[in-house]
Amino acid sequence: MKIHMRDLRKIIKEELLRGIPEFVIRQASEDCVNRIKQHIKRFVQTKAQNPTHARELLMISQRITDEMEDEIFKLVQDKLWQFIQQT
């Protein structure tokens, strides 16, 4: 059986971060993005020229915030990994 490097890294991270389950990091990332979405929605409501423009802006913001959530998750996980390595 051959194990890929990314799979090995995932196993190591999961083992070392056992005290902080992945779902907790995902939930924190989701909470952060949800707060940002609230602010974006208010911004769109004040700046949109019409309902069609508002829908377009919200669709764009949805795509961006989805990407943002993934990036936040990865960043938090990486920073926790750095912390674990220093302890």
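Examining the side chain of Thr-65
Following the sequence through the fold, Thr-65 ends up in helix α3 (residues 51-86). Ignoring anything within four residues of it in the chain, the contact list for Thr-65 reads Val-33, Lys-37 and Ile-40.

Things to note about the pattern of salt bridges
Between side chains of opposite charge, pairing is possible as soon as their charged atoms come close. Overall, the coordinates contain one salt bridge when judged by the stated rule. When the shortest N-O distance is used, the salt bridge between Glu-22 and Arg-26 registers 3.0 Å. With Glu-22 and Arg-26 both in helix α2 (residues 22-47) and four residues apart, the pair spans about one turn of that helix. Residue class for Glu-22 comes out partly exposed when judged on its relative accessible area of 34%.

Description of α3
For an α-helix, the turn length of 3.6 residues means that residues three or four places apart are oriented alike. End to end, α3 covers 51 Å across 36 residues, agreeing with the expected 52 Å (1.5 Å per residue, within 8%). Within α3, burial applies to Ala-54, Ser-61, Thr-65, Ile-72, Phe-73 and Gln-77. Where α3 starts, the residue carrying a side-chain oxygen 3.1 Å from the main-chain nitrogen of Thr-52 turns out to be Asn-50.

A short note on the confidence of the model for the chain
Atom-level detail of predicted coordinates should not be read off regions where pLDDT is low. Of the residues in the chain, 90% reach a pLDDT of 70 or more, and the chain-wide mean stands at 87. The secondary-structure element of the chain with the lowest mean pLDDT is helix α1 (residues 5-16), recorded at 72, while α2 shows the highest, at 94.

Details of α2
A rise of 1.5 Å per residue sets the reference length of α2, with its 26 residues, at 38 Å; its end C-alpha atoms lie 37 Å apart and thus fit the reference within 8%. Buried within α2 we find Ile-25, Ser-29, Val-33 and Val-44. Where α2 is buried, its residues meet α3.

Regarding a negative patch on the surface
There is a patch of like negative charges on the surface, built from Asp-66, Glu-67, Asp-70 and Glu-71. Position of Glu-67 among the secondary structure elements: in helix α3. Looking at Glu-67, the relative accessible area reads 42%, which means it is partly exposed.

Section: the environment of Lys-41
Its location among the elements puts Lys-41 in helix α2. Note: C-alpha distance between Lys-41 and Ser-61 (20 residues apart in sequence) is 8.8 Å.

Things to note about the environment of Gln-62
Summarising the element assignment, Gln-62 is placed in helix α3. The class of Gln-62 is partly exposed, set by a relative accessible area of 37%. Separated by 22 residues in the primary sequence, Gln-62 and Ile-40 place their C-alpha atoms 9.7 Å from one another.

What counts, and where the lines are drawn
Residues numbered from 1 in each chain as written. Predicted model: local features only at pLDDT ≥ 70, side-chain atom pairs only at ≥ 80, totals over all residues. Heavy atoms only, no water. Helix = DSSP H or I, 4+ residues; strand = E, 2+ residues; numbered from the N terminus. Contact = heavy atoms within 4.5 Å. Salt bridge = Lys/Arg side-chain N within 4 Å of Asp/Glu carboxyl O. Buried < 20%, exposed > 50% of the residue type's maximum accessible area, 1.4 Å probe, protein only. Expected span 1.5 Å × (residues − 1). Polar contact = N/O pair within 3.5 Å; in protein donor to acceptor, adjacent residues only side chain to side chain. pLDDT = per-residue confidence, 0-100. Patch = residues over 30% accessible without salt bridge, like charges linked within 9 Å, V, L, I, M, F, W, Y side chains within 5 Å. Areas by Shrake-Rupley, 256 points an atom, 1.4 Å probe, with all protein chains shown as cover. Lys, Arg positive; Asp, Glu negative; His and termini not counted. Charge placed at Lys NZ, Arg CZ, Asp CG, Glu CD.

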